[in-house]
Amino acid sequence: MREDVPVRRLDTIDARILLALDEDPRATVLGLSRLLGLARGTVQAHLERLESDGVLHRFSRRLAPAALGFSVSAFVMVEIHQGQQEDTLRALRETPEVLEVHGITGDGDLMCRVVARDADDLYRVGQDVLSIPGVVRTRTSLAMRELVPYRIDPLLSELAD
């Protein structure tokens, strides 16, 4: 799913299904319908719509990079030449250690979340990003510890109630 494509607004049933899946990602449609007191067809229809609308992301987004040997996480602010964003983004997408790229305001044009195996590897990743055509300069901040992990369940809980 592309981040710039608007997604359908979730309803209470969607939120309840997603919260249940968050608790048990391997739950079956029948199991969800029993747990939530909903008809099997209702659960199936909501799940199909959530998938087709791009609300549900790939399973790999749930993996911890450290489990793959990438224990260092950093944020790289990237300033680019105006008019070269598409070429720069294409190259960033081809860099496996770049996990996310966001267009931002303020000091820089892009913010990238990157991972590396160790400090030397982070230096290499930083140099790789800096060598991408269109990149003017970068500023890297090492993530020391994740204090609040990515979460959406508090928002789902509000909607489900």
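Please refer to the structure higher up on the page.
Conventions and cut-offs
- Residues numbered from 1 in each chain as written.
- Predicted model: local features only at pLDDT ≥ 70, side-chain atom pairs only at ≥ 80, totals over all residues.
- Heavy atoms only, no water.
- Helix = DSSP H or I, 4+ residues; strand = E, 2+ residues; numbered from the N terminus.
- Rg over C-alpha atoms; globule rule 2.2 N^0.38 Å.
- Contact = heavy atoms within 4.5 Å.
- Areas by Shrake-Rupley, 256 points an atom, 1.4 Å probe, with all protein chains shown as cover.
- Axes fitted to C-alpha atoms, helices over the stretch in contact; angles between N-to-C directions.
- Parallel < 35°, antiparallel > 145°, perpendicular 65-115°, else oblique.
- Nonpolar A, V, L, I, M, F, W, Y, C, P; charged D, E, K, R; others polar.
- Salt bridge = Lys/Arg side-chain N within 4 Å of Asp/Glu carboxyl O.
- Buried < 20%, exposed > 50% of the residue type's maximum accessible area, 1.4 Å probe, protein only.
- Phe/Tyr/Trp six-rings, centres within 6.5 Å; stacked < 30°, edge-to-face > 60°.
- Lys NZ or Arg CZ within 6 Å of the ring centre and 35° of its normal.
- Pairing = 2+ DSSP bridges.
- Patch = residues over 30% accessible without salt bridge, like charges linked within 9 Å, V, L, I, M, F, W, Y side chains within 5 Å.
- Lys, Arg positive; Asp, Glu negative; His and termini not counted.
- Charge placed at Lys NZ, Arg CZ, Asp CG, Glu CD.

Trainee: Residues and numbers for the overall build of the chain, please.
Mentor: Helix and strand content of the chain: 6 helices and 4 strands. In terms of C-alpha radius of gyration, the chain reaches 19 Å, well past the compact-globule figure of 15 Å for 161 residues. Dimensions along the principal axes, computed over C-alpha positions, put the chain at roughly 55 × 35 × 25 Å. Long-range pairs, those at least 24 residues apart, make up 69% of the contacts in the chain with a sequence separation of at least 6. Total accessible area on the chain is roughly 11,200 Å²; 52% of this is exposed by carbon and sulfur atoms.

Trainee: So what's going on with the packing of helix H1 (residues 12-23) against helix H3 (residues 40-52)? Which residues, and what values?
Mentor: It is the contact of H1 with H3, at a shortest axis distance of 10 Å, that shows an interaxial angle of 85°. Considering the angle they form, H1 stands roughly perpendicular to H3. Seen from H1, the contacting residues are Ile13, Asp14, Ile17, Leu18 and Leu21; seen from H3, they are Thr42, Val43, His46, Leu47, Arg49 and Leu50. Along the lines of polarity and charge, the residues of the contact of H1 with H3 split into 7 nonpolar, 2 polar and 2 charged.

Trainee: Any details on the pattern of salt bridges? Residues and values, ideally.
Mentor: Scanning all chains against the criterion turns up 6 salt bridges. Put simply, Arg113 and Glu100 hold a salt bridge, and the shortest N to O gap is 3.6 Å. Of this pair, Arg113 sits in strand E3 (residues 110-116) while Glu100 sits in strand E2 (residues 98-103); the two residues are 13 residues apart in sequence, bridging distant segments of the chain. Here Arg113 falls in the partly exposed class, since its relative accessible area comes to 25%. In this structure, Arg124 engages Asp128 in a salt bridge whose closest nitrogen and oxygen atoms are separated by 2.8 Å. Of this pair, Arg124 and Asp128 both sit in helix H5 (residues 119-130), 4 residues apart, which is roughly one turn of the helix.

Trainee: Lay out the packing of aromatic side chains with the relevant residues and their values.
Mentor: Applying the stated criterion across every chain, the model contains 0 aromatic pairs. Sitting above the plane of the Phe70 ring, Arg117 keeps its charged end 4.2 Å from the centroid.

Trainee: Got a sec to walk through the sheet that holds strand E1 (residues 72-80)? Specific residues and values, please.
Mentor: Pairing is antiparallel in the open sheet, where 4 strands are placed in the order E2-E3-E1-E4. A strand with exactly one partner marks an edge of an open sheet, and here the two such strands are E2 and strand E4 (135-143). Taking each pair of neighbouring strands and ignoring which way they run, the sheet shows an average axis angle of 20°. Pairing of E1 with E3 involves 7 bridges; the strand directions are antiparallel. Within E3, the position partnered with Val76 by the bridge is Cys112.

Trainee: How would you summarise the pairing of E3 if you had to cite specific residues and measurements?
Mentor: For E3, a buried count of 5 out of 7 residues is recorded, marking the element as mostly surrounded by other parts of the structure. Across 5 bridges, E2 lies against E3 in antiparallel orientation. Residue pairing across strands places Val98 opposite Val114, the latter belonging to E3.

Trainee: Pulling in residues and values, what's your account of the side chain of His46?
Mentor: Take His46: it is sitting in helix H3. If near-sequence neighbours (up to four positions away) are discounted, His46 is found in contact with Asp11, Ile13, Asp14 and Ile17.

Trainee: Account for a negative patch on the surface, with residues named and values stated.
Mentor: There is a patch of like negative charges on the surface, built from Asp22, Glu23, Asp24 and Asp153. Within the secondary structure, Asp22 is located in helix H1.

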